[in-house]
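Spelled out, the chains give:
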Amino acid sequence: MRFLLTGGAGYIGSHTCVCLLNAGHDVVVLDNFVNSCPEAIRRVEQITGRKVALYEGDCCDESIVNHVLDREQIDAAVHFAGLKAVGESVSIPLNYYENNLGATITLCKALAKHHVKRIVFSSSATVYGDSKIVPMREDLPLGECTNPYGWTKWMSERILRDTAYADKDWSVVLLRYFNPVGAHESGLIGEDPTGIPNNLMPFICQTAAGVRPMLNIFGNDYDTPDGTCIRDYIHVMDLASGHLKALEYACEHKGTEIFNLGTGEGCSVRQMVEAFERANHLTLPHQYAPRRPGDIAQSFADPAKAQAVLGWQATHTIEDMCRDAWNWQSHNPHGYRTENPAE
Ligand code: NAD
Ligand code: UDP
């Protein structure tokens, strides 16, 4: 089959490209490179030995999305395209609503026009808000998001559900990711944040590389066994294989389905630091710092539905995630940017 991946040059998109190509599918990527670069796709092609049809353009631009769908025979879309920096979304909310909701609406209209009514959407565990109930199950009532980024996921879910409700030909799969980390085992593709990373794993990697002097662990007075926050970290290749399963499902079913993509295992910040040191035989300078505003004490998935319905399960361990993240970081200290064009 032939799948359109909006935002396919980004962190999760590029790993999903590898997974889909390796499974024998064709991949078409539409990305405006606002947070990625074409080099990621070149490396996907290097890993898989397959070509990707790459279009540079904005998913909010109706004419470009229609142009891609006119030219390519698409069976279903995976909609990764979006801005994702939580802090930035608080500073420039209108850009986030415009980009993330605009892209979702424009894409759906163009897909409907081309009779491709199948979409897999990148949602997030953030839609559960500060749920006191863990593990989180898909049927938990949605919570209050703590930032505009989270609300764009919440609202995009709503938009997609309403679309499938109004037109029974649609197949919508909402994937609620927990905390994606790690990289492809080749070390050729990985997470390439711009500026000072917000997320734990890229910050750990840059600290290990000496780019940052010290990891601050935000809070050690939470109501958790070691006092630090608990999250459900999932290897990005496991996440990628979840998209393959979700696409297969979307091609066979109509209506809306929601799946958590997580391991079901909670890991504290302290446990993550220890696992990183163990997996990579190094010492990570770290200290405790005050809580980060907006953080919740614990978040981890109940992944039973994805296992039962999609036949999907995460297989990588925390040590695998730490090893592969460091393999990528240590071989690409400046991400994709310092690649010698002569190579
Ligand atoms: P990313 O920033 O690496 O990838 C997003 C891609 O979308 C980038 O390549 C960017 O250039 C592109 N893009 C953004 N706006 C666009 C537009 N209007 N038109 C075309 N391309 C556009 O992020 P990621 O980590 O790969 O995340 C992919 C998706 O998953 C995002 O929607 C994100 O919100 C969601 N998500 C990510 C996480 C996470 O922790 N990484 C967790 C939950 C959900
Ligand atoms: N965290 C930390 N130091 C950092 C970055 C993150 O202690 O430099 C903690 C953060 O407080 C949270 C956990 O690591 O408890 C995961 O944070 P991340 O931003 O990666 O994911 P999210 O909070 O969005 O689930």
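Because the structure is a prediction, the values reported are computed rather than measured. (Residues numbered from 1 in each chain as written. Chains lettered and ligands numbered in written order. Predicted model: local features only at pLDDT ≥ 70, side-chain atom pairs only at ≥ 80, totals over all residues. Heavy atoms only, no water.)

(A) Molecular detail of the overall build of the chain. When its secondary structure is counted, the chain shows 11 helices and 13 strands. The globule rule puts the C-alpha radius of gyration for 343 residues at 20 Å, and the 19 Å found for the chain is close to it. A buried classification covers 54% of the 343 residues belonging to the chain. Of the contacts formed within the chain by residues at least 6 apart in sequence, a portion of 80% connects residues at least 24 apart. Charged side chains of the chain number 29 positive and 42 negative; the gap between the two group centres comes to 3 Å. (Helix = DSSP H or I, 4+ residues; strand = E, 2+ residues; numbered from the N terminus. Rg over C-alpha atoms; globule rule 2.2 N^0.38 Å. Buried < 20%, exposed > 50% of the residue type's maximum accessible area, 1.4 Å probe, protein only. Contact = heavy atoms within 4.5 Å. Lys, Arg positive; Asp, Glu negative; His and termini not counted. Charge placed at Lys NZ, Arg CZ, Asp CG, Glu CD.)

(B) Looking closely at the site of ligand 2. Inspection of the region around ligand 2 gives 15 residues, with Leu200, Asn216, Arg231, Arg292 and Asp295 positioned closest. Contact distances for ligand 2 include 2.9 Å between an oxygen atom and a backbone N or O atom of Leu200. In the environment of ligand 2, an oxygen atom lies 2.8 Å from a nitrogen or oxygen atom belonging to the side chain of Arg231. When ligand 2 is considered free in solution it has 520 Å² of accessible area, and contact with the protein chains removes 87% of it. Those elements that provide at least two residues to the shell around ligand 2 are α7 (200-208) and β8 (215-218). (Near = heavy atom within 4 Å. Polar contact = N/O pair within 3.5 Å; in protein donor to acceptor, adjacent residues only side chain to side chain. Areas by Shrake-Rupley, 256 points an atom, 1.4 Å probe, with all protein chains shown as cover.)

(C) Examining helix α8 (residues 236-252) more closely. For α8, with 17 residues, the first-to-last C-alpha span of 25 Å sits near the 24 Å given by 1.5 Å per residue. The buried fraction of α8 amounts to 13 of the 17 residues, a majority that puts the element mostly inside the structure. (Expected span 1.5 Å × (residues − 1).)

(D) Representation of the site of ligand 1 within the structure. The local shell around ligand 1 holds 26 residues, among which Ile12, Asp31, Asn35, Ser36 and Tyr149 are the closest. Here an oxygen atom of ligand 1 and a side-chain polar atom of Asp31 are 2.6 Å apart. Here a nitrogen atom of ligand 1 and a backbone polar atom of Cys59 are 2.8 Å apart. Calculation on ligand 1 without its partners gives an accessible area of 820 Å², and the protein chains cover 95% of this total. Secondary structure elements with two or more residues in the shell around ligand 1: α1 (11-22), β5 (118-124) and α6 (148-166). A total of 3 residues in the shell around ligand 1 trace back to one element, the largest contributor, which is β5. Here the residues of the shell around ligand 1 are counted per class, giving 11 nonpolar, 11 polar and 4 charged. (Nonpolar A, V, L, I, M, F, W, Y, C, P; charged D, E, K, R; others polar.)

(E) Focus on the environment of Glu98. Assignment of secondary structure puts Glu98 in helix α5 (residues 93-113). Between the C-alpha atoms of Glu98 and Cys60, which are 38 residues apart in sequence, the distance is 8.5 Å. Apart from residues lying up to four places away in sequence, Glu98 is in contact with Cys60 and Ala103.

(F) Here's a closer look at the environment of Phe276. Among the secondary structure elements, Phe276 is positioned in helix α9 (residues 269-280). For Phe276, a relative accessible area of 0% gives the class buried. On a C-alpha basis, the gap between Phe276 and Gly182 in space is 11 Å, while along the polypeptide they are 94 residues apart. When residues no more than four places from it in sequence are discounted, the contact partners of Phe276 are Met201, Ile204, Cys205, Ala208, Leu282, Leu284, Cys322 and Trp326.

(G) Representation of the nonpolar core in the model. With 44 residues, the main nonpolar core has Leu5, Val27, Val120, Val173, Leu175 and Leu261 as its most contacted residues. Sorting elements by how many residues they give to this core places α8 first, with 10 residues. If sequence neighbours within four positions are ignored, Leu175 has contacts with Val120, Phe121, Ser122, Ser123, Ser124, His243, Ala246, Phe259 and Leu261. By size, the runner-up hydrophobic cluster in this structure holds 26 residues, among which are Val28, Tyr55, Leu107 and Ile119. (Core = buried A, V, L, I, M, F, W, Y, C linked by side-chain atoms within 4.5 Å.)

(H) Region of interest: the pattern of salt bridges. A complete count under the given rule lists 22 salt bridges for this structure. Measuring nitrogen to oxygen at the nearest pair gives 2.9 Å for the salt bridge that ties Asp221 to Arg291. Taken together, the residues Asp221 in the loop between β8 and β9 (230-231) and Arg291 in the loop between β13 (286-289) and α10 (304-310) connect sequence positions 70 residues apart. Residue classification places Asp221 among the exposed residues on the basis of a relative accessible area of 52%. Asp295 is the salt-bridge partner of Arg231, the closest N and O atoms lying 3.8 Å from each other. With Arg231 in strand β9 and Asp295 in the loop between β13 and α10, this pair connects stretches of sequence that are 64 residues apart. Among the charged side chains, a salt-bridge network with shared partners connects Arg2, Asp26, Arg50 and Glu72. (Salt bridge = Lys/Arg side-chain N within 4 Å of Asp/Glu carboxyl O.)

(I) Molecular detail of the side chain of Ser268. Tracing the sequence through the fold places Ser268 in strand β12 (residues 267-268). Ignoring anything within four residues of it in the chain, the contact list for Ser268 reads Asp226, Thr228, Cys229 and Ile230.

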